[in-house]
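Survey of secondary and tertiary structure
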Amino acid sequence: MANWPLDFLKLFLVTLRDVAPVVLLFAFFQFFVLKQVVPNLKKVIFGVVLVIIGLALFLMGLEKALFPLGNIMAIQLSEASFISKGYHDPSSWLAYYWVYIFAGMIGFSTTIAEPSLIAVAIKANQASGGTISIWGLRIVVAIGVAIALVLGTIRIVTGTPLYLYIIFGYIIVMVQTLFSPKKIIALAYDSGGVTTSTVTVPLVAALGIGLSSTVPGRNPAIDGFGLIAFASLFPIMTVLAYAQILELKNTLKKPSKNEI
Amino acid sequence: MRDPSKYFKKSYHILKYLFLKLRSAFMDLLPILSVVTFFQLVILRQPFPHFEEIIFGSIMVLLGLMLFIEGLEMGLFPIGGNMAFALTKKGSVFWILIFSFALGFSTTIAEPALIAISKEAARVSAEAGLIENAEGSRDSYALGLRLCVAFSVGIAILIGVLRILKGWPLYYILIGGYILVVIMTMIAPKEIIGIAYDTGGVATSTITVPLVTALGVGLASSIKGRNPLTDGFGLIAIAVMVPMIFVMAYGLFIY
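Predicted, not measured: the structure shown is a model, and the values here were computed from it.

1. Re the overall build of chain A
If you tally the helices and strands in chain A, you get 11 helices and 0 strands. Starting at the N terminus, the α and β elements of chain A follow one another as α-α-α-α-α-α-α-α-α-α-α. Considering chain A as a whole, with its 260 residues, one finds that 46% of them fall into the buried category. In chain A, of all internal contacts separated by at least 6 residues, the share reaching a separation of at least 24 is 78%.

2. Examining the overall build of chain B
Looking only at helices and strands, chain B has 9 helices and 0 strands in total. Ordering the α and β elements of chain B from the N terminus gives α-α-α-α-α-α-α-α-α. For chain B, the C-alpha radius of gyration of 23 Å lies well beyond 18 Å, the compact-globule estimate for 255 residues. With 255 residues in all, chain B has 49% of them scored as buried. For chain B, long-range pairs separated by at least 24 residues make up 82% of all intrachain contacts whose partners lie at least 6 apart in sequence.

3. Digging into helix α4 (residues 97–112) of chain A
In this model α4(A) runs 23 Å from its N-terminal to its C-terminal C-alpha over 16 residues, within 8% of the 22 Å that 1.5 Å per residue would give. Among the residues of α4(A), A:Val99, A:Phe102, A:Ala103, A:Gly104, A:Met105, A:Ile106, A:Gly107, A:Phe108, A:Ser109, A:Thr110, A:Thr111 and A:Ile112 are the ones counted as buried. Structurally, α4(A) contributes buried residues whose contacts are with α2 (41–77), α5 (115–127), α6 (134–158), α9 (200–214) and α11 (227–253) of chain A together with α1 (4–43) of chain B.

4. Quick word on the domain arrangement of chain A
Many structure descriptions define interface size as the accessible area lost when the parts assemble. As far as domains go, chain A holds domain 1 (1–64) and domain 2 (78–253). Between the C-alpha centres of domain 1 of chain A and domain 2 of chain A the distance comes to 30 Å.

5. Details of the nonpolar core
Judged by nonpolar contacts, the single largest core of 158 residues is most densely connected at A:Val239 and B:Val247. With 18 residues, the top contributor of residues to this core is α2(A). Taken domain by domain, the makeup of this core includes at least three residues from each of domain 1 (1–64) and domain 2 (78–253) of chain A. Setting aside residues no more than four positions away along its own chain, A:Val239 makes contact with A:Val140, A:Val141, A:Gly144, A:Ile184, A:Leu187, A:Ala188 and A:Ser191.

6. Considerations on the interface of chain B and chain A
With 67 residues of chain B at the contact, the number on the chain A side is 71 residues. Listing elements by their share of the side of chain B that touches chain A, those giving two or more residues are α1, α2 (51–90), α3 (93–109), α6 (170–187), α7 (190–199), α8 (208–222) and α9 (235–254) of chain B. Of the residues forming the side of chain B that touches chain A, the biggest block, 24 residues, is contributed by α2(B). Taken together, the residues that form the side of chain B that touches chain A break down as 46 nonpolar, 17 polar and 4 charged.

7. Notes on the environment of B:Val212
All names here are of chain B. As for its placement among the helices and strands, Val 212 is situated in helix α8. By the C-beta count within 10 Å, which is 28 here, Val 212 ends up buried. Taking the C-alpha atoms as reference points, Val 212 and Leu 180, 32 residues apart in sequence, are found 24 Å from one another. The contact partners of Val 212, leaving out residues within four places of it in the chain, are Ile 157, Leu 235 and Ile 236.

8. Examining the packing of helix α1 (residues 4–33) of chain A against α2(A)
When two helices pack together, their arrangement is given by the angle between the helix axes and the distance between those axes. Residues and elements named next belong to chain A. Packing of α1 against α2 leaves a shortest axis separation of 9 Å and a crossing angle of 130°. When the interaxial angle is binned, α1 and α2 end up oblique. Along this stretch, α1 crosses α2, giving a crossing that reads as right-handed. Seen from α1, the contacting residues are Asp 7, Phe 8, Leu 11, Phe 12, Thr 15, Leu 16 and Val 19; seen from α2, they are Ile 52, Ile 53, Leu 55, Ala 56, Leu 59 and Met 60. Taken together, the residues of the contact of α1 with α2 break down into 11 nonpolar, 1 polar and 1 charged.

9. What to know about the packing of helix α8 (residues 182–194) of chain A against α9(B)
Contact geometry for α8(A) and α9(B): axes closest at 7 Å, N-to-C directions at 55°. Viewed along their axes, α8(A) and α9(B) adopt a mutual orientation that is oblique. Taken as a pair, α8(A) and α9(B) cross one another with a handedness that is left-handed. Counting all contacts with α8(A), which are made through A:Ala186, A:Tyr189, A:Asp190, A:Gly193 and A:Val194, the residues of α9(B) involved are B:Ile236, B:Ala237 and B:Val240. The residue makeup of the contact of α8(A) with α9(B), split by class, is 6 nonpolar, 1 polar and 1 charged.

10. Thoughts on the confidence of the model for chain B
Per-residue confidence for chain B gives a mean pLDDT of 86, with 98% of residues at or over 70. Among the scores for the predicted complex, ipTM is 0.86 and pTM is 0.87.

11. Thoughts on the environment of B:Arg23
Residues and elements named next belong to chain B. Among the secondary structure elements, Arg 23 is positioned in helix α1. Judged by local crowding, Arg 23 falls into the exposed class, with 10 C-beta atoms found within 10 Å. Residues Arg 23 and Ala 220, spaced 197 residues apart in sequence, show a C-alpha to C-alpha distance of 33 Å.

Analysis parameters
- Numbers given for residues are sequential positions, taken from 1 along each chain in its written order.
- By the order in which they are written, chains take letters starting at A while ligands take numbers starting at 1.
- Local features are withheld for residues below a pLDDT of 70 in this predicted model, meaning they are given only at 70 or higher, and side-chain atom pairs are given and counted only at 80 or more; totals for whole chains, interfaces and linings count all residues.
- Each helix is a run of DSSP H or I of at least 4 residues and each strand a run of E of at least 2, with the numbering of both proceeding from the N terminus.
- Exposed residues have 12 or fewer other C-beta atoms within 10 Å of their own C-beta, buried residues have 20 or more, and partly exposed residues fall in between, where C-beta atoms are placed from the backbone.
- Residues are treated as contacting if the C-beta atoms built from their backbones sit within 7 Å of each other.
- C-alpha atoms define the radius of gyration in this analysis, and the globule rule sets the expected value at 2.2 Å times the number of residues to the power 0.38.
- Here a helix's expected span is defined as the number of its residues, less one, multiplied by 1.5 Å.
- Those domain boundaries reflect an automatic or database domain assignment.
- To count as a nonpolar core, a set of buried Ala, Val, Leu, Ile, Met, Phe, Trp, Tyr and Cys residues must be joined through C-beta atoms within 7 Å.
- Ten residues, namely Ala, Val, Leu, Ile, Met, Phe, Trp, Tyr, Cys and Pro, are considered nonpolar, four, namely Asp, Glu, Lys and Arg, are considered charged, and the remaining ones, Gly among them, are considered polar.
- Comment: axis = line fitted to C-alpha atoms, over the contacting stretch for helices; angle = value between 0 and 180 degrees taken between N-to-C directions.
- Angles below 35 degrees are treated as roughly parallel, those above 145 as roughly antiparallel, those between 65 and 115 as roughly perpendicular, and all remaining angles as oblique.
- Note on convention: near helix rotated counterclockwise from far helix by under a right angle means a left-handed crossing. Clockwise means right-handed.
- A score from 0 to 100, pLDDT tells how confident the predictor is in each residue.

Now the structure itself:
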């Protein structure tokens, strides 16, 4: 507890260092290329300071509290003693059912708390004139990550090759892309990219490596990876599917009009 | 302080505003807190280790998220949006593209996740005997990889912005790009493939995403005939894809 202020200062400086090149770039363009001052400069600077302090606090809280706890839980859930008491046949892949449920729920809940997804959802809401709701997009993306992690942990336990899932996944995404409403495509692919950000990656990586080191016959160096690739592929699918369902609903309701 | 009721009214409004923001940040974190509590108490049936650290940490996460979202709307979004607006008003495609490349390059080159991945990649490649296992050659390999990723993210943002300016449909770029990814996966050395797929995600840091999104939506809003939703998004998607292609090409070139 005693070194929290010091840790905060460290993380604050690290965040500041990450932001510095961007701030310099923007300042250079404002002063030398555009030759003008940013409107509401004071407010904007205050906002950037809030972002840096906020991110440093957020990261510190995660590192101190949630990540260690998540790691311990991932290891405990995949321990042989826990697996064998829950199911009549401990060698079956079904015996790991609590691991799959945990993976799905942790995938969903960490995605809801992902700051970059919140940013994209706010912008999507503004850009669509309110048609896309902030929570709607976040929930659909979170469901995508949940499905990804359930399948990803099943893959680690069963030991089926990663590339099969990835190739099959990309084929589905491509077919969906061809048939879904063109307006949503860019947002769907962007949502896939932002899920692999601050909150989800460390927890998911811990789960993958923990699971592949406890399941007999798995190698953490080979089987531990892939969960993150899954987590950025499946949200694209769920967002495209959501847009297709909405469009279908609209055409069924008003057969004469072409909306979306 | 002649009218205390006015003073109280003002502080009441500030408190109410803070409460609403805090509540919304709490709603964002509620799922993760409930999942962790449920599994710890009901499934694993264990008490929380370091209970006060967890409570304190959760409060930090809560306050941090609240400040971040507040600063997003006050700082990062206006910066990205104003830049897009000012650049299109200036009307110089040259400067817009220079800016786009510089934005992608500068946010990526210093990214801690990228530095970690490049070091790990250098170690793995040296152990596999693909490059000489000496400190000098490992360092130059890691630096080369970092430059390659930063350069490719710069190119990605440049392509993405050019697409917004020209109004090209995004799925041409994405489908074409992913076909290239698949081809490169087949011909690139095996050791680089995992690294290449991992570097795809490093361009999407929490600071970069809001800035790039605001820039894209801002550009699409200030150019006539562009739709902010259809054309404004997609920069992140391209920034995830292009590094995979470039890193696999780097692998082909270096081995």
